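Structural overview for review
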Amino acid sequence: MQNALNHNCIVPLYAQIVEQLKQDIESGVYSKDGRLPTEAELSAEYGVSRITIRRAVEELVNQSLVEKRQGKGTFICAPKLTRQLDGPMSFTEMCAANGLKARAKLLDAGISSPSSLDVREALGLKEGESAVRIRRLRYAGDRPLVLEDNFYPLEYSYLLSIDLENDSIYRYLQQEKGIELRRTTMRLSIVRADVKLAKLLQVSRNTPQLEMKGRVIRLDGQTVHSSYQVGYGENFEFIVR
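The rules we used
- Residues numbered from 1 in each chain as written.
- Predicted model: local features only at pLDDT ≥ 70, side-chain atom pairs only at ≥ 80, totals over all residues.
- Heavy atoms only, no water.
- Salt bridge = Lys/Arg side-chain N within 4 Å of Asp/Glu carboxyl O.
- Helix = DSSP H or I, 4+ residues; strand = E, 2+ residues; numbered from the N terminus.
- Buried < 20%, exposed > 50% of the residue type's maximum accessible area, 1.4 Å probe, protein only.
- Core = buried A, V, L, I, M, F, W, Y, C linked by side-chain atoms within 4.5 Å.
- Contact = heavy atoms within 4.5 Å.
- Pairing = 2+ DSSP bridges.
- Patch = residues over 30% accessible without salt bridge, like charges linked within 9 Å, V, L, I, M, F, W, Y side chains within 5 Å.
- Areas by Shrake-Rupley, 256 points an atom, 1.4 Å probe, with all protein chains shown as cover.
- 1 Å grid on protein atoms, 1.4 Å probe; cavity = no way out; pocket = protein on both sides within 12 Å on 5 of 7 lines; lining within 4 Å.
- Points joined across faces, edges and corners; volume = space filled by probe spheres on them.
- Nonpolar A, V, L, I, M, F, W, Y, C, P; charged D, E, K, R; others polar.

Glancing now at the pattern of salt bridges. Side chains bearing opposite charge may pair, as long as their charged atoms lie close to each other. Taken as a whole, this structure holds 13 salt bridges when the rule is applied. Glu 39 serves as the salt-bridge partner of Arg 50, at 3.8 Å between the closest nitrogen and oxygen. With Arg 50 in helix α3 (residues 50-62) and Glu 39 in helix α2 (residues 39-46), this residue pair connects regions lying eleven residues apart in the sequence. For Arg 171, the salt bridge goes to Glu 176, with nearest N and O atoms at 3.3 Å. Relative accessible area serves as the criterion here: at 26%, Arg 171 is assigned to the partly exposed category. A single salt-bridge network, built from bridges that share partners, covers Glu 39, Arg 50 and Arg 54.

On to unusual backbone geometry, then. The phi dihedral of Gln 202 is positive, around 60°, even though this residue is not glycine. Tracing the backbone shows Gln 202 in the loop between α7 (195-201) and β9 (208-218). In this structure, Asn 206 takes a positive phi of about 75° despite not being glycine. Turning to its location among the elements, Asn 206 is positioned in the loop between α7 and β9.

Attention now goes to the nonpolar core. As a rule of thumb, nonpolar side chains are buried together in soluble globular proteins. The biggest cluster of nonpolar side chains holds 18 residues, and the ones touching the most others in it are Ile 17, Leu 21, Tyr 30, Leu 42, Tyr 46, Val 48 and Ile 53. Those elements that place two or more of their residues in this core are α1 (13-26), α2 and α3. If near-sequence neighbours (up to four positions away) are discounted, Leu 21 is found in contact with Tyr 30, Leu 42, Tyr 46 and Leu 60. Judged by nonpolar contacts, the second largest core, of 15 residues, contains Tyr 152, Leu 159, Leu 164 and Leu 173.

Summarising the sheet, strand β7 (residues 181-183) and β9 pair through three bridges and their orientation is antiparallel. Within the sheet, the bridge partner assigned to Arg 182 lies in β9 and is Ile 217. Looking at chain direction, strand β8 (residues 187-192) and β9 are connected through six bridges and run antiparallel. From the neighbouring strand, Ser 189 faces β9, where its bridge partner is Glu 211. Of the pairings in the sheet, the one linking β9 to strand β10 (residues 223-231) comprises eight bridges and is antiparallel in character.

With that settled, the discussion passes to a nonpolar patch on the surface. Taken together, the side chains of Ile 111, Leu 154 and Leu 160 make up a nonpolar region of the molecular surface, amounting to roughly 240 Å² of accessible area. With respect to the helices and strands, Leu 160 occurs in the loop between β6 (143-152) and α6 (169-176).

Another aspect to go through is empty space enclosed by the protein. Scanning all chains against the criterion turns up one cavity of 30 Å³ or more. Looking at the largest cavity, its volume works out to about 160 Å³. In terms of lining, the largest cavity is formed by 17 residues, of which the most central are Ser 90, Phe 91, Arg 136, Glu 148 and Tyr 170. Looking at the lining of the largest cavity, the elements with two or more residues in it are α4 (91-97), β5 (131-140), β6, α6 and β10. Here the lining of the largest cavity is composed, by residue class, of five nonpolar, seven polar and five charged.

Structural data, given as structure tokens:
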């Protein structure tokens, strides 16, 4: 059955197709694998030439709603997520603000000696002194988005007893321990995913990722943890105030 187009309307056929495809994308018609039908399939569906379909798809590409992948077809672009950088927003809060549920896969949790000089300086540790390390892969919905690798002073060893895969550490510190958090300077850089990171984040090797390094403190200036995150990828927007 062909989709209904108004051939007597002043709106060009390709523009009508654009609007119908946008409605189908928004309503989840193509959500199963994210792939649009081929030009030939859409041409038959709408009863128009492939040239008209091609122009409609190009307009969707220009609007960043779909992307063409060489040899694979045309796919719906994942919706962009946003995160503010004006404070220590937890990953759970960031996901909730984007209508997603946060979860984590615990990769490592225990007592260890940081090898990074930056981490030791942030925590005021000498070489060989120990800290609490919590390393998690964070998911936004079903999508692996960020690798976290944070170190805490030993006084925060009680964090090892909470549910690190389903609970928010920031929620626990703020609500259960009454600790108000502040973020100091955050350093941002672009890195390319190596083999291990690419596997964790389910992206291609060398895909650009955002690396964030910094420190989170209490109101009295004492360090709560060193902060290291890498991920986020291309479908992300940061808001700086």
